[in-house]
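Here's the letter readout for the chains.
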Amino acid sequence: MINKQFAKCLAPFQILLLAVLMVPAALQAQVNQLNDIQFSELPGGRVQLRLTFTEEPPEPTGYTIEQPARIVMDFAGVESVLPQKKYSLGIGAARSAVVVSSEGRTRLIVNLDQLPVYTSERHGSQLVMEIGESVVATASSPQSPTHDSGLNLGGNKQFNALGAIAVNGVDFRRGEEGEGKVIVSLSDPAVNIDVERTKGKIYLTFLGAELPESLRQKLDVTDFATPVNAITVDSDGRNTVIAVDPTDADYDYLAYQADNQYVLSVKPLSAAEIREKEKEFQFTGKKLSLNFQDIEVRSVLQIIADFTDLNLVASDTVQGRITLRLDGVPWDQALNLILKAKGLDKRQEGSVIMVAPAAEIAERERQELESRRQLQELAPLRTEYISVRYADAGELFTLFSGQQTDDQGKGNFAGGKQDANQASILSARGSAIVDERTNTIILTDTEEKIAQFRELIEVIDVPIRQVMIEARIVTANSEFERELGVQWNYTGTHDINDDSVVIGSGGQNSASVGGSGFGPSVSSPASTHDPLLVDLGVGTPAGQLAYAILKDNFYLGLELSAMEDVGMLEIVSQPKVVTGDKQEANIQSGVEIPYLEATSSGAASVTFREAVLELNVTPQITPDNNIIMTLNIEQNSVGDLFSVSANTAVPTINVNTLATKVLVSNGETIVLGGVFESNVLEGETKVPLLGDIPYIGNLFKKTVRTDDKREILMFITPRIIESETFLSK
């Protein structure tokens with residue numbers, strides 16, 4: 001009763017908890033998404049953009065830029081799910097369109113040849129935007145207002161004529177991810193803004209915007225620990241210019257406008273983003289600017305050498321003059337461009353760069369290779385004995401030379417006799433012999449080749465890390481059996497003087513009734529005549545209960561028998577094996593079962609079948625001390641006998657196999673798999689018609705219920721064995 005009341009009290013709290021858990025999913029499902037964008041050309045050179053959203057789009061905010069001509073529209077609370085970000089158009093004045101999403105906002109950027117008037121209108125879940133000259137009258141005519149008109153150049157000019165746009169404030173904040181945010185407050189969002197990165201700085205130019213004298217200042221924001229060092233706010237007389245000076249660290253920036261606020265976010269790049277950026281752009285040198293007309297190439301090379309503090313050697317054949325203008329270009333890219341323009345090439349050794357014509361460098365390297373080859377042919381040969389400590393000398397010999405050792409464990413290889421397709425570390429005059437008895441390689445070659453061979457041996461000849469793999473196989477069996485039966489006995493040819501009714505306990509097929517406290521024992525004629533009417537008793541009962549009626553001319557007996565058997569079995573197998581890294585190991589334990597099998601000639605032969613526990617594993621240690629294992633586990637046991645013929649029976653094998661490949665941490669136990677079996681058997685034996693009578697029919701039937709459960713679980717635990725020898729290496 002208490003449990004029911006507690007459950008009733010707990011039910012409202014469960015419903016409330018479920019509702020709270022479903023709130024984030026519901027909020028996520030309500031995010032408006034940009035699903036599709038379509039472009040089409042209209043008469044008069046106009047361009048139509050049709051944007052489709054999952055819900056009604058919000059009212060867009062944006063701005064326009066004259067140089068370069070660009071229309072920017074922001075959709076707050078919208079996420080883009082378009083398959084691509086950039087679309088090439090080439091329709092009318094539109095060159096391309098870019099759609100990007102960041103910080104819960106989606107931005108549409110339309111790049112143009114020149115800035116025309118445009119309109120935008122919302123229709124349900126779509127926003128239609130038209131760009132072109134023929135909408136000038138519509139945009140300026142009071143009789144044809146649009147539902148949601150965009151910012152346009154004509155409107156801006158009219159506003160500037162009536163009143164000036166001004167910058168009301170400049171603020172700086174640090175974001176949650178360490179980005180620096182420059183926030184500019186405007187008197188009106190209808191302002192043209194130009195964003196440009198040049199000479200290592202980011203310039204925000206607010207065209208035609210006035211700047212109050214109190215805002216002309218330079219802000220030092222180094223203490224905010226962002227990619228921004230300083231911000232300079234100034235005016236060139238007609239426009240407000242904000243210069244953002246970033247640090248030397250790698251960064252990326254994003255600019256967007258929300259109503260009267262314009263935000264420039266400068267975000268630091270992570271290590272992964274830096275690596276991805278370096279893949280796209282291979283030049284990583286410090287940036288410099290060069291602006292020369294008709295200058296000697298040797299002078300430009302000297303300037304780059306002074307800028308990088310590197311030593312530069314130019315060949316006498318480096319001649320000519322060059323004109324170049326490079327602004328904020330990495331110095332290694334600038335050097336590469338100059339060399340390509342004049343047909344030159346470079347080689348760098350340490351802090352020294354040598355510059356010469358490409359053909360001259362190639363010829364010089366060819367001569368060096370030829371000289372080195374001639375020196376190798378004339379160099380004296382030496383013989384050294386290289387002792388291998390941990391590896392197999394024959395395997396190393398095969399690895400380096402591509403040859404196979406002979407049957408006696410010795411290999412002989414001469415460098416000059418190898419095939420053209422075989423790669424060998426030995427020179428053409430070198431030779432090697434392997435002695436597996438002492439695990440030694442006898443090497444004859446030049447001093448340079450012997451030194452290279454020793455370096456390789458030092459790297460490869462290291463002890464192999466070892467792994468101990470422990471498997472645990474748990475087999476649990478649960479057996480339950482219950483039987484309930486009944487027997488009826490009757491005879492009518494006996495002489496019994498006294499009428500009596502006796503209740504007692506007795507054995508099967510016996511009418512002898514008696515027992516402790518149940519009355520006297522009575523010997524029934526059933527022992528002589530076996531008068532069974534119904535024989536549905538339990539075969540091996542655990543208990544019996546009998547009821548008998550004795551008269552002078554008949555005998556009637558009822559015997560109930562019951563049996564209940566409960567058993568539990570748990571078997572734990574725990575094979576354990578130690579092996580080296582990438583070395584296969586196998587361990588098995590069990591029996592081989594002999595049985596007679598008839599041959600084609602009629603004779604019988606003895607055949608064996610295996611019932612074993614086997615563990616086969618190949619571990620691989622990863623650099624972060626995890627272990628990749630290829631496993632094959634088998635647990636076979638002897639089952640029941642299967643009769644093939646009258647005189648031949650073959651034992652069955654219960655097979656449990658697991659084959660897998662897993663990644664496990666050092667010392668961690670993982671469950672590889674398991675099998676659960678449940679067999680439930682319910683049987684009933686009854687007397688026809690009598691056994692079907694409600695309630696009374698239970699006295700004429702026998703019921704059997706069997707419930708067997710079997711479960712197998714397999715665990716694996718690998719451990720890396722750290723040896724002092726390995727740690728010393």
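Sequence order as written defines the numbering, with residues in each chain counted from 1. Residues qualify for local features only when their pLDDT is at least 70, as the model is predicted, and side-chain atom pairs are given and counted only at 80 or more; totals for whole chains, interfaces and linings, by contrast, use all residues. With hydrogens and water excluded, all non-hydrogen atoms of the structure serve as input to the side-chain values.

**What about the sheet that holds strand S3 (residues 61-65)?**
(1) Moving on: When DSSP finds at least two bridges between two strands, those strands are taken to pair. Each helix corresponds to a stretch of at least 4 residues labelled H or I by DSSP, and each strand to a stretch of at least 2 residues labelled E; elements are numbered beginning at the N terminus. On the basis of which strands lie adjacent, the open sheet formed by five strands has the order S3-S4-S8-S7-S6 and antiparallel pairing. The outermost strands of the open sheet, each flanked by one partner alone, are S3 and strand S6 (86-91). Between one strand axis and the next, the sheet turns by 15 degrees as a mean value, whatever way the strands run.
(2) Moving on: Both strand S7 (residues 94-102) and strand S8 (residues 105-112) contribute to a ladder of eight bridges, which runs antiparallel. Each bridged residue has a counterpart across the sheet, and for Ala97 the counterpart in S8 is Val110. Interaxial angle, 0 to 180 degrees, is taken between N-to-C directions of lines fitted to C-alpha atoms, where a helix line uses only the stretch in contact.

**Section: the pattern of salt bridges**
Should the charged atoms of two oppositely charged side chains come close, the side chains can pair.
(1) Moving on: Salt bridge, as used here, is a side-chain nitrogen of Lys or Arg placed within 4 Å of a carboxyl oxygen of Asp or Glu. This model, assessed by the stated rule, comprises 28 salt bridges.
(2) Moving on: The residue Arg366 makes a salt bridge to Glu363 at a minimum N-O spacing of 2.7 Å. Within this pair, Arg366 and its partner Glu363 are both found in helix H7 (residues 358-378), separated by three residues, close to a single helical turn.
(3) Moving on: Burial classes: relative accessible area under 20% of the type maximum marks a residue as buried, over 50% as exposed, and values in between as partly exposed (1.4 Å probe, protein chains only). The exposure class of Arg366 is partly exposed, given its relative accessible area of 46%.
(4) Moving on: With its nearest N and O atoms 3.9 Å apart, the salt bridge here joins Glu470 to Arg472.

**Here's the deal with the nonpolar core**
(1) Moving on: In terms of nonpolar packing, the biggest core is built from 31 residues, with Phe206 and Ile242 touching the most fellow members.
(2) Moving on: Sorting elements by how many residues they give to this core places strand S11 (residues 165-174) first, with four residues.
(3) Moving on: The contact partners of Ile242, leaving out residues within four places of it in the chain, are Val170, Val184, Ile202, Tyr203, Leu204, Phe206, Ile231, Thr232 and Val233.
(4) Moving on: Residues belong to a common nonpolar core when they are buried Ala, Val, Leu, Ile, Met, Phe, Trp, Tyr or Cys residues joined through side-chain atoms within 4.5 Å. Judged by nonpolar contacts, the second largest core, of 26 residues, contains Met73, Val78, Tyr87 and Ala94. The contact criterion used throughout is that any non-hydrogen atoms of two residues lie within 4.5 Å.

**Examining the packing of aromatic side chains**
(1) Moving on: In this scheme Phe, Tyr and Trp rings, the latter by its six-membered ring, pair at centre separations within 6.5 Å, and the angle between planes marks the pair as stacked below 30 degrees, edge-to-face above 60, and tilted otherwise. On inspection of all chains with the given rule, the structure shows five aromatic pairs.
(2) Moving on: Geometrically, the ring pair formed by Phe39 and Tyr87 is tilted, given 5.6 Å between the ring centres and 50 degrees between the ring planes. Of the two residues, Phe39 is situated in strand S1 (residues 32-42) and Tyr87 in strand S6; the sequence distance between them amounts to 48 residues.
(3) Moving on: Between Phe53 and Phe75 the ring centres are 5.5 Å apart and the planes differ by 50 degrees, which places this aromatic pair in the tilted class. Placement of the pair is Phe53 in strand S2 (residues 46-53) and Phe75 in strand S4 (residues 70-76), with a sequence separation of 22 residues.

**A few points about helix H6 (residues 331-341)**
(1) Moving on: With respect to burial, H6 is a largely interior element, eight of its eleven residues being buried.
(2) Moving on: Among the residues making up H6, those that are buried are Trp331, Asp332, Gln333, Ala334, Leu335, Asn336, Ile338 and Leu339.
(3) Moving on: Where H6 is buried, its residues meet strand S21 (287-296), helix H5 (297-308), strand S23 (321-330), strand S24 (344-349) and strand S25 (352-357).
(4) Moving on: Positive phi shows up at Gly343, right after H6, with a value of about 70 degrees.

**Re unusual backbone geometry**
(1) Moving on: Phi is positive for Asn439, close to 55 degrees, though the residue is something other than glycine.
(2) Moving on: Relative to the helices and strands, Asn439 is located in the loop between strand S28 (431-435) and strand S29 (440-445).
(3) Moving on: The residue Lys582 is not glycine, and still its phi comes out positive at about 65 degrees.

**What to know about the sheet that holds strand S14 (residues 201-207)**
The strands making up a sheet are joined through hydrogen bonds of the backbone, oriented either antiparallel or parallel.
(1) Moving on: The antiparallel open sheet is built from five strands, whose spatial order is S13-S14-S18-S17-S16. One side of each edge strand has no neighbouring strand; the edge strands of this open sheet are strand S13 (192-198) and strand S16 (217-220). For this sheet, the mean inter-axis angle between neighbouring strands, taken without regard to orientation, is 15 degrees.
(2) Moving on: With five bridges joining them, S14 and strand S18 (residues 240-246) adopt antiparallel strand pairing. Its bridge partner lying in S18, Thr205 is registered against Val241.

**Brief notes about helix H9 (residues 447-460)**
(1) Moving on: Between the first and last C-alpha of H9 there are 20 Å, a value that for 14 residues agrees with the 20 Å anticipated at 1.5 Å per step.
(2) Moving on: Along H9, the residues that are buried comprise Lys449, Ile450, Phe453 and Ile457. Buried residues of H9, viewed axially, fall in a sector of 100 degrees; they line one side. For H9, the exposed residues lying more than 90 degrees away from the buried face are Glu447, Glu455, Glu458 and Val459. An expected span of 1.5 Å times one less than the residue number is assigned to each helix. Throughout, the arc means that of the directions going from the helix axis to the C-beta atoms.

**Points about the confidence of the model for the protein**
(1) Moving on: Averaged over all residues, the pLDDT of the protein equals 77, while 80% of them reach at least 70.
(2) Moving on: Values of pLDDT, the confidence the predictor places in each residue, fall between 0 and 100. Across residues 23-29 the pLDDT falls below 50, and counting only partners more than four positions away or on other chains, this stretch makes zero contacts in the model.
(3) Moving on: Across residues 494-529, confidence stays below pLDDT 50; counting only partners more than four residues off in sequence or on other chains, it has 69 contacts.

**Thoughts on the layout of surface pockets**
(1) Moving on: Any residue with an atom within 4 Å of a point lines the site, the site being either a cavity, points on a 1 Å grid over the protein atoms alone where a 1.4 Å probe fits but cannot get out, or a pocket, an open set with protein on both sides within 12 Å along at least 5 of 7 lines. Grid points are joined across faces, edges and corners, and a volume is the space filled by probe spheres set on the points. For the largest pocket, the calculated volume is near 1,100 Å³.
(2) Moving on: In terms of lining residues, the largest pocket is bounded by 36 residues, among which Lys85, Val100, Asp252, Tyr253 and Leu254 are the most central.
(3) Moving on: If you list the elements that add at least two residues to the lining of the largest pocket, you get S3, S4, S7, S8, strand S19 (251-258), strand S20 (261-268) and helix H4 (271-280).
(4) Moving on: Note on residue classes: Ala, Val, Leu, Ile, Met, Phe, Trp, Tyr, Cys and Pro are nonpolar, Asp, Glu, Lys and Arg are charged, and everything else, Gly too, is polar. Tallied by class, residues from the lining of the largest pocket come to 18 nonpolar, six polar and twelve charged.

**Brief notes about the packing of H5 against H6**
(1) Moving on: In contact at an axis separation of 11 Å, H5 and H6 are set at 165 degrees when each is read in the N-to-C sense. By the angle between their directions, the pair H5 and H6 is classed as roughly antiparallel. In terms of crossing hand, the pair formed by H5 and H6 is left-handed. Residues Val297, Val300, Leu301, Ile304, Phe307 and Thr308 of H5 touch H6, and the partners they reach there are Trp331, Leu335 and Ile338. Roughly parallel covers angles under 35 degrees, roughly antiparallel covers those over 145, roughly perpendicular covers 65 to 115, and oblique covers all other angles. Helix crossings fall into two classes, left-handed where the near helix is turned counterclockwise from the far one by less than a right angle and right-handed where it is turned clockwise.

**Notes on the side chain of Asn626**
(1) Moving on: As for its position among the elements, Asn626 is in strand S38 (residues 626-635).
(2) Moving on: For Asn626, the side chain forms a polar contact with the side chain of Asp624, separated by 3.2 Å.
(3) Moving on: Beyond its immediate chain neighbours, meaning those up to four positions away, Asn626 contacts Gln620, Ile621, Leu663, Val664, Ser665 and Asn666. Two N or O atoms count as a polar contact when they lie within 3.5 Å, although within protein this holds only if one can serve as hydrogen donor and the other as acceptor, and sequence-adjacent residues are included solely when both atoms are side-chain atoms.

**Focus: a nonpolar patch on the surface**
(1) Moving on: What goes into a patch is any residue over 30% in relative accessible area without a salt bridge, connected to like charges within 9 Å or, for nonpolar side chains (Val, Leu, Ile, Met, Phe, Trp, Tyr), within 5 Å. Under the convention used here, a 1.4 Å probe and the Shrake-Rupley method define accessible areas, while residue burial counts only the protein chains that appear. Where nonpolar side chains cluster on the molecular surface, the patch consists of Leu545, Leu560, Leu690, Ile693, Tyr695, Ile696 and Leu699 and spans about 660 Å² of accessible area.
(2) Moving on: Looking at where Leu545 falls in the secondary structure, it is placed in strand S33 (residues 543-550).

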